[in-house]
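Survey of secondary and tertiary structure
Read off the chains here:
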Amino acid sequence: MSEKSEQRLSVFKTYKLYVGGKFPRSESGRVYEVSTGTSAAGAAGKSKWLANAPLSSRKDARDAVVAARKAFGAWSGATAYNRGQILYRVAEMLEGRKSQFVHEVADAEGLSKSKANELVEATIDRWVWYAGWTDKIAQIVGGGNPVAGPYFNLSSPEPTGVVTVLAPQESSFLGLVSVIAPVIATGNTAVVIASEKSPLPALSLGEVLATSDLPGGVVNILSGRTAEIATPLASHQDVNAIDLAGADDVLAKELEIAAADNLKRVLRPQPVDDWRATPGIERMTAFLETKTVWHPTGSLGASGSSY
């Protein structure tokens, strides 16, 4: 038995894109090598090969936008309570696969197992945090407005649409979730470009999303060269907004100029000292539109409404 065990071949994981609820390879057939983080490489400074990740093409990016647009109607039309339940289910699935993500984050960011465990637990907590906000954000940013006249004037938030998200380059998992969750919690759909040097946790997240209750196409995950994928997405006419969290200053400026072509909402990159800090609601409100409705109240006299 021991002889057979020694001769057993290792089964390496094949990482794929996550588009429209499915796991395609890049249509280009290209891959690139992903290695361990610098701290994990050891004192000798040698990095260890981890896997070949798909090198997404412009065609993959366009396919992801088509999938996101197709999913937008049903996802934005779902009740906020239902979206919260689905996000909580994702957190449950992450909890069940925690050990896998601890291993992947440790390799990706060059961390010890204990520090990687802390980050993964913080990531799961972040999903739960945003799950709780889905049916509360409207109460914070919406409401009745005082107007001069016999009208009710009510403002309510609505999702922007399809959002391209450039995931943070350094925080392969907690930062990734911190930019994806607020986008979909408010009813948008997302095309996510994973960290170029550490894409494996993001691609594994796609497997979790596929086995949760999240409809296919709500989140689409691409890996590869950030600039190569982001450029066509920034100028894409069916993308409504873009989060530049993972872009450097030069790339961010180029993408912002391209995004102006169809008046995309742009969230510029902002320095984050610690992704574990409470994020606030800014990333949710960044991709919300405000719909205002006027409704006649009838004649108003000294005693109030005729109703």
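Residues numbered from 1 in each chain as written. Predicted model: local features only at pLDDT ≥ 70, side-chain atom pairs only at ≥ 80, totals over all residues. Heavy atoms only, no water.

Turning our eyes to something else, we now look at the overall build of the chain. Helices and strands together make up the secondary structure of the chain, namely 11 helices and 12 strands. Each principal axis of the C-alpha atoms in the chain carries an extent, and together these give about 95 × 40 × 35 Å. Buried positions account for 46% of the 307 residues belonging to the chain. Looking at the chain alone, contacts between residues at least 24 apart form 77% of all its contacts between residues at least 6 apart. A total accessible area of about 15,100 Å² is found for the chain, and carbon and sulfur atoms account for 53% of it. (Helix = DSSP H or I, 4+ residues; strand = E, 2+ residues; numbered from the N terminus. Buried < 20%, exposed > 50% of the residue type's maximum accessible area, 1.4 Å probe, protein only. Contact = heavy atoms within 4.5 Å. Areas by Shrake-Rupley, 256 points an atom, 1.4 Å probe, with all protein chains shown as cover.)

Our focus in this paragraph is the nonpolar core. Within the largest apolar cluster, 62 residues are counted, with the highest numbers of intra-cluster contacts made by Trp127 and Leu205. Not counting chain neighbours up to four residues away, the residues in contact with Trp127 comprise Leu87, Val90, Ala91, Leu94, Val177, Ala181, Ile184, Leu205 and Leu209. Of all hydrophobic cores here, the second largest spans 24 residues; its members include Val191, Leu233, Val239 and Leu255. (Core = buried A, V, L, I, M, F, W, Y, C linked by side-chain atoms within 4.5 Å.)

Time to look at the sheet that holds strand S8 (residues 241-243). Taken together, five strands build an open sheet; the order of strands is S7-S6-S5-S8-S9 and the sheet is parallel. Whereas interior strands pair on both sides, the edge strands pair on one side only; in this sheet they are strand S7 (219-222) and strand S9 (265-267). Shown here is a sheet whose adjacent strand axes are inclined to one another by a mean of 15 degrees, direction ignored. The pairing of strand S6 (residues 189-193) with S7 spans four bridges and is parallel. Paired with Ile193 across the two strands is Leu222, which belongs to S7. Contacts from helix H2 (residues 58-77) reach strand S5 (162-166), S6 and S7 within the one sheet, and its direction differs from that of S6 by about 155 degrees. (Pairing = 2+ DSSP bridges. Axes fitted to C-alpha atoms, helices over the stretch in contact; angles between N-to-C directions.)

Within the secondary structure layout, Asn188 lies in the loop between helix H7 (174-185) and S6. Residue classification places Asn188 among the buried positions, given a relative accessible area of 0%. Polar contacts involving the side chain of Asn188 include one to the main-chain amide nitrogen of Thr160, which spans 2.7 Å. Engagement of the side chain of Asn188 in a polar contact is seen with the backbone nitrogen of Gly161, the distance being 2.9 Å. Setting aside its immediate chain neighbours within four residues, Asn188 contacts Phe72, Trp75, Pro159, Thr160, Gly161, Val163, Val183, Val218 and Phe287. (Polar contact = N/O pair within 3.5 Å; in protein donor to acceptor, adjacent residues only side chain to side chain.)

Moving on, we get to the packing of helix H4 (residues 98-109) against helix H5 (residues 113-133). Remark: H4 packs on H5, axes separated minimally by 8 Å, with the N-to-C direction vectors making an angle of 120 degrees. Judged by the inter-axis angle, H4 sits oblique to H5. As H4 runs across H5, the sense of the crossing is right-handed. Contacts from Lys98, Phe101, Val102, His103, Val105, Ala106 and Glu109 in H4 reach Lys113, Ala116, Asn117, Leu119, Val120, Glu121 and Ile124 in H5. (Parallel < 35°, antiparallel > 145°, perpendicular 65-115°, else oblique. Left-handed = near helix turned anticlockwise from the far one by under 90°.)

For the chain, per-residue confidence averages 91 on the pLDDT scale, and residues scoring 70 or more make up 93% of the total. Contacts from residues 38-44, a stretch scored under 50 in pLDDT, to residues over four places away or in other chains number six contacts. (pLDDT = per-residue confidence, 0-100.)

To continue, consider a nonpolar patch on the surface. Taken together, the side chains of Phe152, Leu154 and Val293 present a nonpolar region at the surface, about 260 Å² in accessible area. In this structure, Val293 sits in strand S10 (residues 288-296). Judged by relative accessible area, Val293 falls into the partly exposed class, the value being 40%. (Patch = residues over 30% accessible without salt bridge, like charges linked within 9 Å, V, L, I, M, F, W, Y side chains within 5 Å. Salt bridge = Lys/Arg side-chain N within 4 Å of Asp/Glu carboxyl O.)

A word on H7. Spanning 12 residues, H7 covers 16 Å between terminal C-alpha atoms, matching the ideal 16 Å at 1.5 Å per step. Here H7 lies mainly inside the structure; 12 of its 12 residues are buried. Buried within H7 we find Leu174, Gly175, Leu176, Val177, Ser178, Val179, Ile180, Ala181, Pro182, Val183, Ile184 and Ala185. Within two residues after H7, Gly187 carries a phi angle of roughly 100 degrees, on the positive side. (Expected span 1.5 Å × (residues − 1).)

Next up on the list: the side chain of Ser204. Within the element layout of this structure, Ser204 appears in helix H8 (residues 200-210). Given the relative accessible area of 0%, Ser204 is considered buried. Beyond its immediate chain neighbours, meaning those up to four positions away, Ser204 contacts Lys13, Tyr15, Gln100, Phe101 and Glu104.

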